[in-house]
Amino acid sequence: MAHVHVQDATASAPARPLVLPVVSLRSAAPWLLLAVVLVGLVGYFVGAEQGATSVFAGNAVHEWVHDARHLLGFPCH
Ligand SMILES: [Zn+2]
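Being a predicted model, the structure only gives us computed values, none of them experimental.

A few points about the overall build of the protein
Item 1. For the protein, the helix and strand inventory stands at 4 helices and 0 strands.
Item 2. Nonlocal contacts in the protein, meaning residues at least 24 apart in sequence, comprise 10% of its contacts between residues at least 6 apart.
Item 3. Here the protein has roughly 6900 Å² of accessible surface; of this, 70% comes from carbon and sulfur atoms.

Shown next as structure tokens:
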């Protein structure tokens, strides 16, 4: 009688502890600053780019971000 041995690949692997990388605040600071600047720019163009403080003339930017503006609850029309 043939014996088929099926081995689970995960069963024989040695258990490895979860190792999370340690990132210092000093090394992460430039990326955090970049993230804050990018989020600020996106937030400005979505929430306030129109009217008195518009960077680009016309309604193009407003129309591009119109759905995001409504999604985030900014006042619109
Ligand atoms: Zn609207």
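Still more to cover.
What about the side chain of Arg69?
Item 1. Examined against the element boundaries, Arg69 turns out to sit in helix 4 (residues 66-71).
Item 2. In this structure Arg69 comes out as buried when scored by relative accessible area, which is 7%.
Item 3. There is a polar contact of 3.0 Å between the side chain of Arg69 and the backbone oxygen of Val46.
Item 4. Apart from the residues lying within four places of it in its own chain, the contact partners of Arg69 are Val46, Gly47, Ala48, His62, Phe74, Pro75 and Cys76.

A few points about the side chain of His62
Item 1. Within the secondary structure layout, His62 lies in helix 3 (residues 60-64).
Item 2. Note on His62: relative accessible area 12%, which makes it buried.

Observations concerning the UniProt feature "transmembrane region" (unreviewed entry) in the protein
Item 1. UniProt tags residues 28-46 as "transmembrane region" (unreviewed entry).
Item 2. Taken end to end, residues 28-46 is 100% helix and 0% strand, and its first and last C-alpha atoms sit 27 Å apart.

A closer look at a nonpolar patch on the surface
Item 1. Taken together, Trp31, Leu33, Leu34, Val37, Leu38 and Leu41 make up a surface patch of nonpolar side chains, about 630 Å² in accessible area.
Item 2. As for its position among the elements, Leu38 is in helix 2 (residues 25-47).

Things to note about helix 2
Item 1. Of all the bends in helix 2, the largest measures some 25 degrees and sits at Trp31.
Item 2. Against helix 4 lie the buried residues of helix 2.

Basis of the calculations
- Residues numbered from 1 in each chain as written.
- Predicted model: local features only at pLDDT ≥ 70, side-chain atom pairs only at ≥ 80, totals over all residues.
- Heavy atoms only, no water.
- Helix = DSSP H or I, 4+ residues; strand = E, 2+ residues; numbered from the N terminus.
- Contact = heavy atoms within 4.5 Å.
- Areas by Shrake-Rupley, 256 points an atom, 1.4 Å probe, with all protein chains shown as cover.
- Buried < 20%, exposed > 50% of the residue type's maximum accessible area, 1.4 Å probe, protein only.
- Polar contact = N/O pair within 3.5 Å; in protein donor to acceptor, adjacent residues only side chain to side chain.
- UniProt positions renumbered as here; feature names shortened; annotations may be inferred.
- Patch = residues over 30% accessible without salt bridge, like charges linked within 9 Å, V, L, I, M, F, W, Y side chains within 5 Å.
- Salt bridge = Lys/Arg side-chain N within 4 Å of Asp/Glu carboxyl O.
- Bend = angle between axes of the 7 residues up to and from the residue.

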